[in-house]
Amino acid sequence: MCQLLNSVDGTLSLLNKLTFYAFPTKTSEFLHPNFSPYFGNKTAERWRFRGVRLSLQGGLEASYHVKSSNKFKANCCDEGEIEPFPHVQTLRKFPKEELVEKVVMVRIDSSILLREEEMDKSSQSVSSAVFTIKYLHEAGAKIILVSDWRKKTNSQLLDAETVADMLSSVIQHRVVTIKCDYSATLLKMEVLKEADIFLLQNLSEYKEEVANNSKFAELLSSGVDIFVNDSFSQSHKILASTVGVARFCSACIAGFHFEESLCQLQKVARTNKRPYVAIIGGGNLYDKAAALHFLVSRCDGLVFVGMMSFQIMHALGLSVPSYLVEPGAYKAALDIIQIARDRNIPILYPMDFWCMNEHLPEKMNIFPSHHILDGWLPVDLGPRSLDELNSSLVKCKKILWIGPVKFKFSSQCSDGTSKLTQALNELRKRNCDITVVGNMACKAMVMESKSVLVNDMIENASVLWEFFKGRRLPGVMALDRAYPFEIDWKSAYSNPTQPLVVDIGSGSGLFLLGMARRRKDLNFLGLEINTKLVRRCMDSVHQYGIQNGYFIVTNVTTTFRSIVSSYPGELVLVSIQCPNPDFNNPEHRWRMLKSSLIKAVVDLLALDGKVFLQSDIKAVALRMKELFLKNGKGKLNLWNDQYHATMNLNEWLEENPFGVMSDWEQHVISRGDPMYRLMLSKSSGIE
């Protein structure tokens, strides 16, 4: 595929007889291809390679030192290791009964559901995207579809009515259009009575969509209960329809297609099979340098088959025509080469190219990669390159192909692409794990083989490049979190069907442990972000033999719904006492109360269930009261009938209604300061 180069004191010497580029452990040693530990041979066992040391800290951190670049860090994931993405709430695990009669907005991917090619319509990505809509419809939800579309995706896309008709055909249910403008906000709920599935106007017509305009996002989500994001291809962008709307919906979850795509993305970063080789096409090496750092630190070899190969050759000192050199990419390419040398892994690039005569386009010739004559333009991989590529990949157990086999002057469908897809299909038959990324690469694989699996393809390469750069994907981060572990409630409680009391921000657990001793007929759950405090609480649970108390380490603002919805009994009481994420700034005490948390509490609370709020700062207590009543969907009332006589003119409970105080409450009372308490009730008479 390429030629082996040796670097001694910065001088590169060309060894013409060797066929690929590998970095030996010592500069005085040369690694023959037959001895490569990653490209096959028993002798490879004696070679030792410098690996990457990984550490767990909110994600894996790959770090290494190279002479020509700063320390590079990237998040990655591996089997049994912490993942870079949060565990998001998915439609698959969302309680189906909570979808009944709810208004659900689904952000769909028009490039998947509105394709022209018949073969694409039967793909797994289309099936999973359609299943999201059908699943919601069967669950009894009212569905509002939102997306953007352009004629380049499908020449038949003229207006919303046309798109609605096409979607009706794809999902086999009637889709009705609905306008998206500020004057129609109040009419939306009336219109929803006309059908079950609706389509908003083309979002590409609104500049507020790309700007993530808050008012526009609020307009989109007006009347919406649940947001389902099923457009993974947009997850690297900050849009009103993927990020902005999350602020206004009670639940934000991933659809089936989104979930499957996320799993594919995580699979790519795993190094569970060796040798693992990345085949890299396309261009713009400078922009993708951080991503290439990630790949060269994780894979056992890189194979360049696109415009980036010329940047690698240029950095190695080979002759490359100036019009093929990318400005600013030289140093970035050197960094990648240095990392590969330090890890002693091969970097492969083409040996020869098919070239087109600049003045006579029909005239073609083959040139060595380092000796392309003036007036000739590379259009495809040459025969020697393809032969070497095939032989180099024979013993690989895992392959990532990202980016097209395409050069500035080549057509979209090249012989090199066809030969590569044939080779990968043969390797697949030998149980090689292959993932193909990018629209052109995926289309080539579909044309070549009808057996491509769902976990084989990621059609939007931009998302993967952003992930490899170590960047967070806004569309993923906007979704609700799911508690990453399955809770065995039978192990947590002696009787897991008893009514449940949840203390949000349980702290030292004094309140909950005291309540658990008094009320054996209830189960008590403390949710606390501080790991040390939870460990102490669980030690107390075991020490005193408490069988109706349990504590979990979690960020409850994002995982409350996921945790509590899995409990087999009713939720009868939720308490929030003196919230204070920042003890040095009392003004921050109410900020943990996000609307999504409040809406989750209201949704899961049983009828006649209670919410107990208290703080030693009056403004915080008032703010909590205001937020719960505002986001309670009209289902919460001040509960003052029973304690009306004991409440003062400001409607605060003078005494703790449970007779058990938290540690902070005890501290406040002991210093003679007041506590501001109130109780809310989810009344059965309120809709």
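The numbering scheme is per chain: residues are counted from 1 as the chain's sequence reads. Restriction of local features to residues with pLDDT of at least 70 applies here, the model being predicted, together with a cutoff of 80 or more for giving and counting side-chain atom pairs; totals for whole chains, interfaces and linings are based on all residues. To get the side-chain values, all heavy atoms of the structure are used, and hydrogens and water are removed first.

**Considerations on the overall build of the protein**
Stage number 1. Regarding its fold elements, the protein presents 23 helices and 27 strands.
Stage number 2. Counting the 687 residues in the protein, one finds 57% classified as buried.
Stage number 3. Contact between two residues is taken to exist if any of their heavy atoms lie within 4.5 Å; hydrogens are not considered. The long-range fraction of contacts in the protein, counting pairs at least 24 apart against all pairs at least 6 apart in sequence, stands at 73%.
Stage number 4. Accessibility throughout is a Shrake-Rupley quantity obtained with a 1.4 Å probe, and a residue counts as covered only by protein chains that appear here. Looking at the protein as shown, the accessible area adds up to about 30500 Å², and 50% of this sits on carbon and sulfur atoms. Numbering of helices and strands runs from the N terminus; a helix is a DSSP stretch of H or I covering at least four residues, while a strand is a stretch of E covering at least two. The buried label goes to any residue with under 20% of its type's maximum accessible area, the exposed label to any with over 50%, and the partly exposed label to all in between, with areas taken from a 1.4 Å probe on protein chains only.

**Points about the packing of aromatic side chains**
Stage number 1. Under the pairing criterion, centres of Phe, Tyr and Trp rings, with the six-membered ring standing for Trp, must be within 6.5 Å; the plane angle then separates stacked pairs below 30 degrees from edge-to-face pairs above 60, leaving the rest tilted. Scanning the entire structure with this criterion turns up 20 aromatic pairs.
Stage number 2. Judged by centre distance (5.9 Å) and plane angle (70 degrees), the ring pair of Phe 310 and Phe 407 falls under edge-to-face. In this pair, Phe 310 sits in helix H10 (residues 308-315) while Phe 407 sits in the loop between strand S18 (398-402) and helix H13 (415-429), placing the two residues 97 residues apart along the sequence. Side by side, Phe 310 and Phe 407 carry an identical accessibility label, which is buried.
Stage number 3. With 5.2 Å between their ring centres and 55 degrees between their planes, Phe 367 and Trp 376 make a pair best called tilted.

**Brief notes about the packing of helix H12 (residues 383-393) against H13**
Stage number 1. Closest axis-to-axis distance for the H12/H13 pair is 11 Å, and the angle between their directions is 20 degrees. The angle between the axes of H12 and H13 places the two elements in the roughly parallel class. For H12 against H13, the interelement crossing comes out right-handed. Of H13, the residues touching H12 (which contributes Leu 386, Leu 389, Asn 390 and Leu 393) are Asp 415, Gly 416, Lys 419, Leu 420, Ala 423 and Leu 427.
Stage number 2. Think of it as three bins: nonpolar holds Ala, Val, Leu, Ile, Met, Phe, Trp, Tyr, Cys and Pro, charged holds Asp, Glu, Lys and Arg, and polar takes everything else, Gly as well. Of the residues assigned to the contact of H12 with H13, the class counts are six nonpolar, two polar and two charged. Where helices are involved, their axes are fitted lines through C-alpha atoms of the stretch in contact, as for all axes, and angles between N-to-C directions lie from 0 to 180°. Orientation is classified from the angle alone, with under 35 degrees giving roughly parallel, over 145 giving roughly antiparallel, 65 to 115 giving roughly perpendicular, and any other angle giving oblique. Each crossing gets its hand from how the near helix is turned against the far one by less than a right angle, where anticlockwise is left-handed and clockwise is right-handed.

**Brief notes about a nonpolar patch on the surface**
Stage number 1. Each patch groups residues whose relative accessible area exceeds 30% and which form no salt bridge, using 9 Å between like charges and 5 Å between nonpolar side chains of Val, Leu, Ile, Met, Phe, Trp and Tyr. Each reported salt bridge corresponds to a side-chain nitrogen of Lys or Arg within 4 Å of a carboxyl oxygen of Asp or Glu. Taken together, the side chains of Trp 354, Met 364 and Ile 366 define a hydrophobic patch exposed on the protein surface, amounting to about 240 Å² of accessible area.
Stage number 2. Inspection of the secondary structure puts Trp 354 in strand S15 (residues 352-357).
Stage number 3. Given the relative accessible area of 32%, Trp 354 is considered partly exposed.

**Quick look at H12**
Stage number 1. What H12 keeps buried is the set Ser 385, Leu 386, Leu 389, Ser 392 and Leu 393. All buried residues of H12 lie within an arc of 130 degrees about the axis, which places them on one face of the element. To be clear, the arc concerns the directions from the helix axis to the C-beta atoms.

**As for the sheet that holds strand S9 (residues 197-200)**
Stage number 1. In this analysis, strands are considered paired if DSSP registers two or more bridges between them. Ordered in space as S8-S9-S7-S6-S10-S11, the six strands form an open sheet in which the pairing is parallel. The two strands at the open ends of the sheet, each matched to only one other strand, are strand S8 (175-178) and strand S11 (251-254). Strand-to-strand twist across the sheet, computed as the mean angle between neighbouring axes with direction ignored, equals 25 degrees.
Stage number 2. In this sheet, S9 lies alongside S8 in parallel orientation, the contact comprising four bridges. Within the sheet, the bridge partner assigned to Thr 177 lies in S9 and is Leu 199.
Stage number 3. Contacts between helix H4 (residues 160-171) and the sheet are confined to strand S7 (142-146), S8 and S9, with S8 contributing the most and set at about 155 degrees to the helix.

**Considering the pairing of S7**
Stage number 1. In terms of burial, S7 is a largely internal element, four of the five residues being buried.
Stage number 2. One ladder, built from five bridges, connects strand S6 (residues 103-107) with S7; its direction is parallel. Looking at the pairing, Val 103 lines up with Lys 142 of S7.
Stage number 3. The pairing of S7 with S9 spans three bridges and is parallel. Bridge pairing in S9 places Ile 144 opposite Phe 198.

**Brief notes about the pattern of salt bridges**
Stage number 1. Summed over all chains, the structure comprises 18 salt bridges.
Stage number 2. For the salt bridge of Arg 274 with Asp 300, the shortest nitrogen-to-oxygen distance reads 2.4 Å. You can see Arg 274 sitting in the loop between helix H8 (256-269) and strand S12 (276-280) and its partner Asp 300 sitting in the loop between helix H9 (289-298) and strand S13 (301-304), a full 26 residues away along the chain.
Stage number 3. Note on Asp 300: relative accessible area 1%, which makes it buried.
Stage number 4. Between Arg 561 and Asp 603 there is a salt bridge whose closest N-O contact spans 3.0 Å.

**Examining the sheet that holds S18**
Stage number 1. Read from one edge to the other, the open sheet built from six strands follows the order S14-S13-S12-S18-S19-S20, with strand pairing classed as parallel. Of all the strands in the sheet, the pair left with one neighbour each is strand S14 (347-348) and strand S20 (457-458).

**So, the confidence of the model for the protein**
Stage number 1. pLDDT expresses how confident the predictor is about each individual residue, on a scale running from 0 to 100. The predicted model of the protein has a mean per-residue pLDDT of 81, with 79% of residues at 70 or higher.
Stage number 2. Below a pLDDT of 50 lies the segment residues 3-83, which in the model reaches 187 contacts outside its immediate sequence neighbourhood of four places, other chains included.
Stage number 3. Across residues 641-649 the pLDDT falls below 50, and counting only partners more than four positions away or on other chains, this stretch makes nine contacts in the model.

**Considerations on the environment of Ile 108**
Stage number 1. Counting through the fold element by element, Ile 108 comes out in the loop between S6 and helix H1 (110-113).
Stage number 2. Sequence-distant contacts of Ile 108, defined by excluding residues within four places in its chain, comprise Leu 113, Ile 133, Leu 145, Val 146, Ser 147, Leu 167 and Ser 231.

**A short note on the pairing of strand S23 (residues 549-553)**
Stage number 1. In this sheet, S23 lies alongside strand S22 (residues 523-528) in parallel orientation, the contact comprising five bridges. Within S23, the residue paired with Leu 527 across the bridge is Ile 552.
Stage number 2. Between the parallel elements S22 and S23, the chain passes through helix H19 (residues 531-543) in a crossover that is right-handed. With strands facing away from the observer, any crossover in which the path from the first strand over the helix to the second runs clockwise is taken as right-handed.

**Here we look at the nonpolar core**
Stage number 1. Nonpolar cores are built from buried Ala, Val, Leu, Ile, Met, Phe, Trp, Tyr and Cys residues. Side-chain atoms within 4.5 Å join them into one set. In terms of nonpolar packing, the biggest core is built from 111 residues, with Ile 280, Leu 295, Leu 302, Leu 400, Leu 464, Trp 465 and Phe 468 touching the most fellow members.
Stage number 2. In this structure Leu 400 touches Val 268, Tyr 276, Val 277, Ala 278, Ile 279, Leu 295, Thr 435, Val 437, Leu 464 and Phe 468, once residues within four positions along its chain are discounted.
Stage number 3. Ranked by size, the runner-up nonpolar core spans 39 residues in total, among them Leu 571, Ile 598, Leu 604 and Val 620.

**Re the packing of helix H20 (residues 556-564) against helix H21 (residues 595-604)**
A pair of packed helices is captured by two measures, namely the crossing angle of their axes and the spacing between those axes.
Stage number 1. At a closest axis distance of 8 Å, the pairing of H20 and H21 adopts a crossing angle of 20 degrees. Compared by their axis directions, H20 and H21 come out roughly parallel. Both H20 and H21 take part in a crossing whose hand is left-handed. Together, Val 556, Thr 557, Phe 560, Arg 561 and Val 564 of H20 and Ser 596, Leu 597, Lys 599, Ala 600, Val 601, Asp 603 and Leu 604 of H21 make up the contact between the two elements.
Stage number 2. Among the residues making up the contact of H20 with H21, the classes are represented as seven nonpolar, two polar and three charged.

**Overview of the environment of Thr 554**
Stage number 1. Mapped onto the elements of the fold, Thr 554 is located in the loop between S23 and H20.
Stage number 2. Overall, the relative accessible area of 7% leaves Thr 554 in the buried class.
Stage number 3. A sequence separation of 23 residues divides Thr 554 from Thr 531, and the C-alpha atoms of the two residues are 8.5 Å apart.
Stage number 4. Not counting the four nearest positions on each side in its chain, Thr 554 is found in contact with Tyr 483, Leu 527, Glu 528, Ile 529, Thr 559 and Ile 563.

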